[in-house]
Amino acid sequence: QVQLVESGGGLVQPGGSLRLSCAASGTILSINDMGWYRQAPGKQRELVAVITSSGSTNYADSVKGRFTISRGNAKTLVYLQMNSLKPEDTAVYYCNAYIKPLIQYHSYWGQGTQVTVSS
């Protein structure tokens, strides 16, 4: 059973910073892309940032220059450093990963962590 568990969300003032973490656990043979998505109330889930197994990254235009995605040395961890946060960054943030438990890759999601940017 593969699980993704996020942590690090919370309440922060505009201009502040937060660091989200996501840990994959269970039967894992290989992990390909890992990423972060977010969903604000009344809106569709959107891609925030993604990082490949080789370290290539891609960001939504709205977070470029403010957010940084990275992977841990163990390759089962992914982080999202969020700086210069804005109220419009308020959303539930979800971790996503393409994981091969045994034979083929599947997409897995974490349970989500709330990020609220407000004064």
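Residues numbered from 1 in each chain as written. Predicted model: local features only at pLDDT ≥ 70, side-chain atom pairs only at ≥ 80, totals over all residues. Heavy atoms only, no water.

Undergrad: So what exactly am I meant to see when it comes to the overall build of the chain here?
TA: Counting secondary structure elements, the chain contains zero helices and 11 strands. The secondary structure elements of the chain, listed N-terminal to C-terminal, are β-β-β-β-β-β-β-β-β-β-β. Out of the 119 residues belonging to the chain, those deemed buried represent 39%. Of the contacts formed within the chain by residues at least 6 apart in sequence, a portion of 55% connects residues at least 24 apart. When the accessible surface of the chain is totalled, it reaches about 6,400 Å², and 47% of it is carbon and sulfur. Computing the positive centroid from 10 side-chain charges and the negative centroid from 6, the chain places the two 5 Å apart. (Helix = DSSP H or I, 4+ residues; strand = E, 2+ residues; numbered from the N terminus. Buried < 20%, exposed > 50% of the residue type's maximum accessible area, 1.4 Å probe, protein only. Contact = heavy atoms within 4.5 Å. Areas by Shrake-Rupley, 256 points an atom, 1.4 Å probe, with all protein chains shown as cover. Lys, Arg positive; Asp, Glu negative; His and termini not counted. Charge placed at Lys NZ, Arg CZ, Asp CG, Glu CD.)

Undergrad: What's the story with the packing of aromatic side chains in this structure? I'm lost.
TA: Any aromatic ring pair is given by two values, namely how distant the centres are and how the planes are angled relative to each other. Enumeration according to the criterion identifies one aromatic pair in this entry. Where Tyr-37 meets Trp-109, the ring centres are 5.0 Å apart and the plane angle is 65 degrees; that geometry is what we call edge-to-face. Separated by 72 residues along the polypeptide, Tyr-37 in strand E4 (residues 30–39) and Trp-109 in strand E10 (residues 106–109) bring together distant segments of the chain. Judged by relative accessible area, which is 38%, Trp-109 ranks as partly exposed. When the ring centre of Tyr-79 is taken as reference, the NZ or CZ atom of Arg-19 above it lies at 4.0 Å. We note Arg-45 situated over the ring of Tyr-94; from NZ or CZ to the ring centre the distance is 3.7 Å. (Phe/Tyr/Trp six-rings, centres within 6.5 Å; stacked < 30°, edge-to-face > 60°. Lys NZ or Arg CZ within 6 Å of the ring centre and 35° of its normal.)

Undergrad: How do you make sense of the sheet that holds strand E3 (residues 18–25) when you look at a structure like this?
TA: Spatially, E1-E3-E8-E7 is the arrangement adopted by the four strands of the open sheet, whose pairing is antiparallel. Edge positions in the open sheet fall to strand E1 (3–7) and strand E7 (67–71), since each of these has one partner strand only. Across this sheet, the average inter-strand angle for adjacent strands is 15 degrees, counted without regard to direction. Across five bridges, E1 lies against E3 in antiparallel orientation. The residue of E3 that forms the bridge with Glu-6 is Cys-22. (Pairing = 2+ DSSP bridges. Axes fitted to C-alpha atoms, helices over the stretch in contact; angles between N-to-C directions.)

Undergrad: Looking at this structure, I do not really get the nonpolar core. What am I missing?
TA: Soluble, globular proteins show a tendency: their nonpolar side chains are buried together. Ranked by size, the top nonpolar core spans 31 residues in total, and within it Trp-36, Leu-80, Met-82 and Tyr-93 carry the most contacts. Broken down by element, the residue count for this core peaks at five residues, all from strand E9 (residues 91–100). Setting aside its immediate chain neighbours within four residues, Met-82 contacts Gly-16, Ser-17, Leu-18, Leu-20, Arg-66, Phe-67, Tyr-93 and Val-115. (Core = buried A, V, L, I, M, F, W, Y, C linked by side-chain atoms within 4.5 Å.)

Undergrad: Before we go on, may I ask you to explain the pattern of salt bridges in this structure?
TA: Where charged atoms of side chains with opposite charge meet at close range, the side chains can pair. By the definition in use, this model includes four salt bridges. The salt bridge partner of Asp-61 is Lys-64, with a shortest N-O separation of 3.1 Å. Judged by its relative accessible area of 63%, Asp-61 is exposed. Residues Asp-89 and Arg-66 are paired through a salt bridge, measuring 2.8 Å at the closest nitrogen-oxygen approach. You can see Asp-89 sitting in the loop between strand E8 (77–82) and E9 and its partner Arg-66 sitting in the loop between strand E6 (57–59) and E7, a full 23 residues away along the chain. What makes Asp-89 buried here is its relative accessible area of 1%. (Salt bridge = Lys/Arg side-chain N within 4 Å of Asp/Glu carboxyl O.)

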